[in-house]
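Chains, contacts and geometry: an overview
Listed below, chain by chain, are the residues.
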Amino acid sequence: MIGRLNHVAIAVPDLKAAAALYRDTLGARVSAPQPLAEHGVTTVFVDLANTRIELLHPLGAQSPISRFLERHPTGGVHHVCYEVEDILAARDQLTAQGARVLGDGEPRTGAHGKPVLFLHPADFCGTLVELEQA
Ligand code: CO
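Residues numbered from 1 in each chain as written. Predicted model: local features only at pLDDT ≥ 70, side-chain atom pairs only at ≥ 80, totals over all residues. Heavy atoms only, no water.

Here the focus is the overall build of the chain. Of the regular secondary structure elements, the chain holds three helices and nine strands. Taken over the C-alpha trace, the chain has a radius of gyration of 15 Å; the compact-globule value for 134 residues is 14 Å, and the two agree within 12%. In terms of its C-alpha atoms, the chain occupies a principal-axis envelope of roughly 45 × 35 × 25 Å. Of all 134 residues assigned to the chain, the portion counted as buried reaches 41%. Considering only contacts within the chain whose residues lie at least 6 apart along the sequence, 53% involve residues at least 24 apart. (Helix = DSSP H or I, 4+ residues; strand = E, 2+ residues; numbered from the N terminus. Rg over C-alpha atoms; globule rule 2.2 N^0.38 Å. Buried < 20%, exposed > 50% of the residue type's maximum accessible area, 1.4 Å probe, protein only. Contact = heavy atoms within 4.5 Å.)

Listed below in structure tokens is the structure:
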């Protein structure tokens, strides 16, 4: 069902420092910060040859990243995103097997303008999993 790894998202307490770390220390290509108000995050995209890293920083008071950073003050891996061909078919197949989809279960438009869903971390080895229709 799942295809390529689309991205790994890392929550960071200092977006400028994290972008500099990836650009200057690790020598990667990083984007300018992109505010995504509807997702409550500001993101810096790190382009790698085979995937992307997304550095996430809270935007606004209700950001889900704020709560994550309270528990992980130095930052940490927030989620992994796998591509699927058909997000509704993937959702139906997974929920039929007992997996829980977060929210109302309907896909939303993700950071890349494509439909996404999040799966409950307790059902996937303690990892928040995002599915994106590629
Ligand atoms: Co993501």
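The next thing to look at is the environment of leucine 15. Looking at the element boundaries, leucine 15 is found in helix H1 (residues 15–25). Spatially, the C-alpha atom of leucine 15 lies 33 Å from that of leucine 88, the residues being 73 residues apart in sequence. Not counting chain neighbours up to four residues away, the residues in contact with leucine 15 comprise Pro33, Thr42, Val44, Leu55 and His57.

Taking burial as the measure, the seven residues of strand E5 (residues 52–58) include five buried ones, the bulk of the element. Relative to E5, strand E4 (residues 41–47) is paired through seven bridges, and the arrangement is antiparallel. Residue pairing for E5: threonine 42 is matched across the bridge by histidine 57. What sits between the antiparallel neighbours E4 and E5 is a turn of four residues. (Pairing = 2+ DSSP bridges.)

Checked against the element boundaries, asparagine 6 lands in strand E1 (residues 5–11). For asparagine 6, a relative accessible area of 7% translates into the label buried. Asparagine 6 has contacts with Thr51, Arg52, Cys81, Tyr82, Glu83, His112 and Glu132, leaving out every residue within four places of it along the chain.

Each protein donor to the cobalt ion is listed here as His7 (NE2), His79 (NE2) and Glu130 (OE); together their distances run 2.0 to 2.1 Å. Each donor residue of the cobalt ion belongs to the same chain, and together they define the spacing H-x71-H-x50-E. Here glutamate 130 lies in strand E9 (residues 129–133) and histidine 7 lies in strand E1, a separation of 123 residues in the sequence. (Donors = N, O, S within 2.8 Å, 3.2 Å for Na, K, Ca; no water.)

What follows concerns unusual backbone geometry. With a phi angle near 60 degrees, cysteine 125 is a residue other than glycine that sits in the positive phi range. Inspection of the secondary structure puts cysteine 125 in the loop between strand E8 (115–119) and E9. For cysteine 125, a relative accessible area of 80% corresponds to the exposed category.

Structural remark: α-helix, 3.6 residues per turn; residues separated by three or four positions point the same way. What H1 keeps buried is the set Leu15, Ala18, Ala19 and Tyr22. Down the axis, H1 shows its buried residues gathered within 100 degrees of arc, on one side only. Exposed side chains of H1 directed beyond 90 degrees from the buried face belong to Lys16, Asp24 and Thr25. Those residues of H1 that are buried are in contact with E1, strand E2 (29–30), E4 and E5. The N-capping residue of H1, defined by a side-chain oxygen 3.2 Å from the backbone nitrogen of lysine 16, is aspartate 14. Remark: glycine 27 follows H1 within two positions and exhibits a positive phi of approximately 70 degrees. (Arc of directions from axis to C-beta. Polar contact = N/O pair within 3.5 Å; in protein donor to acceptor, adjacent residues only side chain to side chain.)

The quantities given are spatial measurements derived from coordinates; they are silent on function.
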